[in-house]
Amino acid sequence: MGHQTRTNPGYASCDFNAGDTCDWTESGDWPWVIKHGPSGKPNTGPRADHNGSATLPYAYADATQAPTAGSKAQITSPFIDASKQVCVQFYYHMHGPTEGTLSLNVKSRDGSEYELWQRSGDQTQNWQHAEVTLPITSLPYQLQFEATRGRNTASDIALDDVSVSSGVCKRKSDLGCDFEELDLCWWVQDKPHDDYDWNIQVASAGGSSGGSSVDTTLQTDRGHYISPQSHGQGLTAAIVSRPLPRNTVYCLSMMYYIPTADSGSLNIFRQLYGSRTGKLDRS
């Protein structure tokens, strides 16, 4: 019999609360185990699950079980129907002075695979949240989390509340945009006032044209960001947010990449009723 593929991707979700890895299977050089409460180590591993409960379990890759630096521990989902977009959300914990790498890979039924998302190094003592939207593809696929041990055993990695659902992941805020849906979200090109557009760029192509070869959302070459269409001297490209209510305090946070001193400048303005009233950031 072939591998079964179900049409509802939700069956691949796992919160580990039943004390097992649900329909996910383990492989690799060292195991994923189900654990609750603190790791018992002073400098690596979580203190509780991502909700702060010492009694609810999570999946745990204990680096003392890894034979050597670079050893890998995998946990792989059942096959998922590729005929619809799928949102994958999860919590991860990576804390330790020699922390390794956690990656989320996509393994197609034809044997091909690629890295969809990854994080390396110490991500603080707190649990972190991640979400990734997978596009429609031609073949069913599996999701695989892969933990890679760091330089020594102070590099435990944990997972919790893995959710797999139909549709795109909901954006965290009205103005937030990671460009992974290949649009500008709530931002628009400022065509009446600039000279050219910002384009959605896949990182693998951006690296060959002078841009970054890795994005900041997925931290792989398959992620996306926006970059100016042209670099003509003195020309500008601008995007504008939707109107914001007044008398409200906002925090704007972003990642930017300016490769050389000759690349031009990046500025942020506040625009009030069509008039720019002040520059908010340095060039």
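Below: a short report on this structure. (Residues numbered from 1 in each chain as written. Predicted model: local features only at pLDDT ≥ 70, side-chain atom pairs only at ≥ 80, totals over all residues. Heavy atoms only, no water.)

Leaving glycine out, the prevailing phi sign among residues is negative, and the prevailing peptide bond configuration is trans. Of note in this structure, F16 is not a glycine but carries a positive phi near 65°. Within the secondary structure, F16 is located in the loop between β1 (5-6) and β2 (25-28). Of note in this structure, D161 is not a glycine but carries a positive phi near 45°. Here D161 shows up in strand β12 (residues 157-166). (Helix = DSSP H or I, 4+ residues; strand = E, 2+ residues; numbered from the N terminus.)

Moving on to the sheet that holds strand β10 (residues 128-134). Within a sheet, each strand pairs with its neighbour through backbone hydrogen bonds, oriented either parallel or antiparallel. Spatial ordering of the open sheet is given by β3-β4-β12-β7-β10, a layout of five strands whose pairing is antiparallel. On the outer flanks of this sheet lie β3 (33-36) and β10, each paired with one strand and no other. Averaged over neighbouring strand pairs, the angle between their axes works out to 40° when direction is ignored. Across four bridges, the pairing between β3 and strand β4 (residues 57-61) is antiparallel. The partner of K35 across the bridge, within β4, is Y58. (Pairing = 2+ DSSP bridges. Axes fitted to C-alpha atoms, helices over the stretch in contact; angles between N-to-C directions.)

Our next topic: the state of the cysteines. In total, this model carries two disulfides according to the counting rule given. The disulfide partner of C14 is C22, and the S-S distance across this bridge is 2.1 Å. Here C14 and C22 share a disulfide; its torsion about the S-S bond, 75°, makes the bridge right-handed. C14 sits in the buried class, given a relative accessible area of 2%. (Disulfide = S-S within 2.5 Å. Buried < 20%, exposed > 50% of the residue type's maximum accessible area, 1.4 Å probe, protein only.)

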